[in-house]
Amino acid sequence: MRIFDNLNSYSSEKESILTIGTFDGVHIGHKKILKRLIEESKKNNFSSLVMTFFPHPRMILNKSDEIKMIDTIDEKIYLLEKTGLDNLIIHPFDDNFSKTTAKEFVAEILVKKLRVKQIIIGYDHKFGKDREASVEDLKKFGTDYMFNVSEIPAQEIDSIKISSTKIRDAILNGEIEKCNKFLDRNFILTGTVVYGDGLGKKINFPTANIEIKEPYKIIPKNGVYLVKTKINSNIYFGMMNIGVRPTVGGRNKSLEIHFFNFKDNIYDKTISIEIINKIRDEEKFSSIDKLKIQLKKDEQFCLKLINK
């Protein structure tokens, strides 16, 4: 998959078939659209192309909207690449771009720049300055500029919206199994291993402290989770605590993972963590000893799940 960080850098020898969207989560609903896009591209010898935007348009147009995304931009790239897509454009969305009229968008971008011959788009898609144009307008432009518009039915688009909402709700509620079912994969957190206060090591449960740099990334509800990650081509399981660590008087939210049978130094390494199950809510224990007892129980429970 070729990746372009703006519309102007895109080029292709082939004419293209395009879909536009945020594709946050790259979940089951999105995969149906992408499968159709790729099948049509092969059938007609087009280049399959997804156009998305970063930051999310709502972050720019509704500055008070603190939308949390299921994927970071790097996670989205990784997930889209796995679908077999030919090309991905991630165009910077800003105030200036938001002022592009519908006609300018079609004539200058879709036709001239992207050489679009077919567009697969949702029934409720709006585009152009102040969202002035609809899918019906796009179809009229298609007649004028000789490209086809394939409209995704309301039922499918509404299903995708519902899925995205349900996924976010499930993550915020710690319902990871439900989240993973909608995603058709495990939810991912990507972060850098940083130094902590070393408390985990002192109680024989050393942890890797994970820093998530993207403030827009959605984080699951506080609790203990079974996770896995790939480090140096090997898969390691562990249990991750998300929360403030109330037993030791913590105040700031942190993410830390105790990996099973792992002793390597991975400070400053960026890792992607797949969250498999929620084990329990975060609790405040009356002593460090009681915390240690519970951590041992958590570990045994996780190992049973892994063995299954």
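About the cut-offs
- Residues numbered from 1 in each chain as written.
- Predicted model: local features only at pLDDT ≥ 70, side-chain atom pairs only at ≥ 80, totals over all residues.
- Heavy atoms only, no water.
- Phe/Tyr/Trp six-rings, centres within 6.5 Å; stacked < 30°, edge-to-face > 60°.
- Buried < 20%, exposed > 50% of the residue type's maximum accessible area, 1.4 Å probe, protein only.
- Helix = DSSP H or I, 4+ residues; strand = E, 2+ residues; numbered from the N terminus.
- Arc of directions from axis to C-beta.
- Contact = heavy atoms within 4.5 Å.
- Salt bridge = Lys/Arg side-chain N within 4 Å of Asp/Glu carboxyl O.
- Pairing = 2+ DSSP bridges.
- Axes fitted to C-alpha atoms, helices over the stretch in contact; angles between N-to-C directions.
- Polar contact = N/O pair within 3.5 Å; in protein donor to acceptor, adjacent residues only side chain to side chain.
- Right-handed = clockwise from strand over helix to strand, strands pointing away.

> Honestly, the packing of aromatic side chains in this entry has me stumped. Any pointers?
For any pair of aromatic rings, geometry is given as the distance between the ring centres together with the angle between the planes. Throughout the structure, instances matching the rule amount to 9 aromatic pairs. Ring centres of Phe93 and Phe97 lie 5.8 Å apart, and the angle between their planes is 70°; on these two criteria the pair is classed as edge-to-face. Judged on exposure class, the residue Phe93 and its partner Phe97 are both buried.

> How should helix 8 (residues 176–183) be read in this particular structure?
An α-helix turns once per 3.6 residues; consequently, residues spaced three or four apart project the same way. When we look at burial in helix 8, the residues that qualify are Ile176, Cys179, Asn180 and Leu183. Angular distribution of buried residues about the axis of helix 8 spans 95°; they occupy a single face of the element. Looking at helix 8, the residues exposed on the side facing more than 90 degrees away from the buried face are Glu177 and Lys181. Where helix 8 is buried, its residues contact helix 1 (28–44), helix 7 (154–172), strand 7 (187–194), strand 9 (223–231) and strand 12 (270–281). Downstream of helix 8 by a residue or two, Asp184 has a phi angle that is positive, lying close to 65°.

> How should I be thinking about unusual backbone geometry in this particular structure?
The general pattern is negative phi for most residues beyond glycine and trans for most peptide bonds. Phe54 connects to Pro55 through a cis peptide bond whose omega is 0°. Mapped onto the fold, Pro55 is located in the loop between strand 3 (47–54) and helix 2 (57–61). The phi torsion at Asn45 lies on the positive side, around 60°, for a residue other than glycine. Structurally, Asn45 can be placed in the loop between helix 1 and strand 3. Here the phi dihedral of Asn232 falls at roughly 50°; this positive angle occurs in a residue that is not glycine. With respect to the helices and strands, the residue Asn232 is situated in the loop between strand 9 and strand 10 (234–243).

> How should the pattern of salt bridges be read in this particular structure?
Any two side chains of opposite charge can pair if their charged atoms end up close together. One pass over the structure, following the stated rule, counts 17 salt bridges. A salt bridge links Glu40 to Lys43; the nearest nitrogen and oxygen atoms lie 3.4 Å apart. Of this pair, Glu40 and Lys43 are both found in helix 1, 3 residues apart, which corresponds to roughly one turn of the helix. Two residues, Glu151 and Lys139, come together in a salt bridge whose shortest N-O distance is 2.7 Å. With Glu151 in strand 6 (residues 148–152) and Lys139 in helix 6 (residues 135–145), the pair connects residues that are 12 residues apart, well separated along the chain. Residue class for Glu151 comes out partly exposed when judged on its relative accessible area of 31%. Judged by its relative accessible area of 28%, Lys139 is partly exposed. It is possible to trace a salt-bridge network through shared partners that takes in Glu136, Lys139 and Glu151.

> Mind showing me how you'd approach the sheet that holds strand 4 (residues 87–92) here?
Where strands meet in a sheet, backbone hydrogen bonds hold them as pairs that are either parallel or antiparallel. Spatially, the 6 strands line up as an open sheet ordered 1-4-3-2-5-6, and their pairing is parallel. Looking along the sheet, the strands with just one partner apiece sit at the ends: strand 1 (2–4) and strand 6. On average, each strand axis in the sheet is inclined to that of its neighbour by 20°, with strand direction left out of account. Relative to strand 5 (residues 116–122), strand 2 (residues 16–20) is paired through 4 bridges, and the arrangement is parallel.

> Looking at this structure, how should I read the environment of Ser47?
Note that Ser47 resides in strand 3. In this structure the C-alpha to C-alpha distance between Ser47 and Arg115, which are 68 residues apart in sequence, comes to 9.8 Å. Look past the residues within four positions of Ser47 in its chain and what remains in contact with it is Tyr10, Ser12, Lys14, Glu15, Ser16, Ile17, Ser41, Asp86 and Asn87. A polar contact is formed between the side chain of Ser47 and the side chain of Asn87, at a distance of 2.4 Å.

> Honestly, the pairing of strand 3 in this entry has me stumped. Any pointers?
It is a general feature of regular strands that their side chains alternate between the two faces of the sheet. Taken across its 8 residues, strand 3 has 7 buried, putting it largely inside the fold. Bridge count between strand 2 and strand 3: 5 bridges; the pairing is parallel. Following the sheet pairing, Ile20 is matched in strand 3 by Met51. Once you follow strand 2 into helix 1 and on to strand 3, the crossover reads as right-handed. Relative to strand 4, strand 3 runs parallel, the two being bridged by 6 bridges. Within strand 4, the position partnered with Met51 by the bridge is Ile89.

From the geometry alone we can't say anything about function, so treat these as descriptive.
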